[in-house]
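What follows is each chain in one-letter form.
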Amino acid sequence: YNTKKPWDTSDPKDPNPRKIMELAENPKIPGYTGQDRPFGMAGSDDMQKLFVGTVPKNNMFGGVFAVYDLKQHTNPEIYWNLIKDQSIVSLVYKNGIVYGGTSIVGGMGGIPRAKDAELFGWDVEKKEKLFQIVPVRGKSSITSLLVGPDGNIWGFANGALFVFDPRTRRVIYHANLFSNATGWWIEATMVT
């Protein structure tokens, strides 16, 4: 959306805002489940990329991790079901790596197949998953991630605050601060 121009989606040549990607269907990926909820988003100024995580359509599983090049404006790289049967609901970028938080809940109406939400790391240049871990057992969703003032990755998993050290790839702190928090995709958010 260009904030210096008026909102106008009716102009077929130059709509504002304009669609940059479509993740609903993808016949090129076998087994792909339709997507309709882009909850996780992060950007990288140094790499000029936008990262998007999604929740699939009702009764479906397997979210998408998409990478859109803000310089090239080409079709996004799409990685479906990166964390098996889980949605990707939170993302944060730091030094060439995207950290993602998942939810075991797919589209509305589906019964979760996984037990715990996971945290993963994605190397943007190599285009590969570096790791995936369960930062706090028994939590269904990691709804918020940020780079903390200490350089670590801070997250909320259903009311449990955790701190992940990206150097050692270990959770170095966690505390169940809000025990009644049970959100599926959106719940706690953090700002600095």
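In short, a report on the structure. On a predicted model such as this, the values are computed, not experimentally measured, just so you know.

1. Some points on the overall build of the protein chain
For the protein chain, the count of helices and strands is 0 helices and 12 strands. Listing the helices and strands of the protein chain from first to last along the sequence gives β-β-β-β-β-β-β-β-β-β-β-β. Taken over the C-alpha trace, the protein chain has a radius of gyration of 17 Å; the compact-globule value for 192 residues is 16 Å, and the two agree within 12%. Once the C-alpha set of the protein chain is aligned to its principal axes, its extents read approximately 50 × 40 × 35 Å. The contacts of the protein chain with a sequence gap of at least 6 include a subset with a gap of at least 24, amounting to 45%. With the model as given, the accessible surface of the protein chain reaches about 10400 Å², and the carbon-plus-sulfur share is 52%.

2. Some words on the sheet that holds strand 6 (residues 97-103)
The antiparallel open sheet is built from 4 strands, whose spatial order is 5-6-7-8. If you trace the sheet from one side to the other, it starts and ends with strand 5 (87-94) and strand 8 (128-133), each paired once. For this sheet the average axis-to-axis angle between neighbouring strands, irrespective of direction, equals 25 degrees. With 5 bridges connecting them, strand 6 and strand 7 (residues 119-123) associate as antiparallel partners. The residue of strand 7 that forms the bridge with Gly101 is Leu119.

3. Some points on the packing of aromatic side chains
Tallied over the full model, the rule gives 12 aromatic pairs. Arranged with centres 6.3 Å apart and planes meeting at 0 degrees, the rings of Phe51 and Phe65 form a pair that is stacked. Residue Phe51 is found in strand 2 (residues 49-56), and its partner Phe65 is found in strand 3 (residues 64-69); the two are separated by 14 residues along the sequence. The burial state of Phe51 is the same as that of Phe65; both residues are buried. Clustering of aromatic rings is evident, with ring pairs tying together Phe51, Phe65, Tyr79, Tyr93, Phe120 and Trp122.

4. Considering the pairing of strand 7
Here strand 7 lies mainly inside the structure; 5 of its 5 residues are buried. Along strand 7, one buried face is formed by Leu119, Gly121 and Asp123 and the opposite face, lined by Phe120 and Trp122, is buried too. For strand 7 and strand 8, the ladder comprises 5 bridges, and the chain directions are antiparallel. Note that in strand 8 the partner of Trp122 across the bridge is Lys129. Remark: 4 residues form the turn of the hairpin made by strand 7 and strand 8, two consecutive strands paired antiparallel; Lys127 in that turn has positive phi of roughly 55 degrees.

5. A look at unusual backbone geometry
The phi angle of most residues is negative, glycine excepted, and most peptide bonds adopt the trans form. Here the residue pair Asn16 and Pro17 is connected by a cis peptide bond, since its omega of 5 degrees sits within 30 degrees of zero. Secondary-structure assignment places Pro17 in the segment before strand 1 (35-44). Unlike most non-glycine residues, Asn59 shows phi in positive territory, near 65 degrees. In this fold, Asn59 is placed in the loop between strand 2 and strand 3. According to the relative accessible area criterion, Asn59 is exposed, its value standing at 52%. In this model, Asn95 sits at a positive phi of 50 degrees, which is unusual for a non-glycine residue. Among the secondary structure elements, Asn95 is positioned in the loop between strand 5 and strand 6.

Scoring rules and cut-offs
- Residues numbered from 1 in each chain as written.
- Predicted model: local features only at pLDDT ≥ 70, side-chain atom pairs only at ≥ 80, totals over all residues.
- Heavy atoms only, no water.
- Helix = DSSP H or I, 4+ residues; strand = E, 2+ residues; numbered from the N terminus.
- Rg over C-alpha atoms; globule rule 2.2 N^0.38 Å.
- Contact = heavy atoms within 4.5 Å.
- Areas by Shrake-Rupley, 256 points an atom, 1.4 Å probe, with all protein chains shown as cover.
- Pairing = 2+ DSSP bridges.
- Axes fitted to C-alpha atoms, helices over the stretch in contact; angles between N-to-C directions.
- Phe/Tyr/Trp six-rings, centres within 6.5 Å; stacked < 30°, edge-to-face > 60°.
- Buried < 20%, exposed > 50% of the residue type's maximum accessible area, 1.4 Å probe, protein only.

Purely spatial values, then, with no claim about function.
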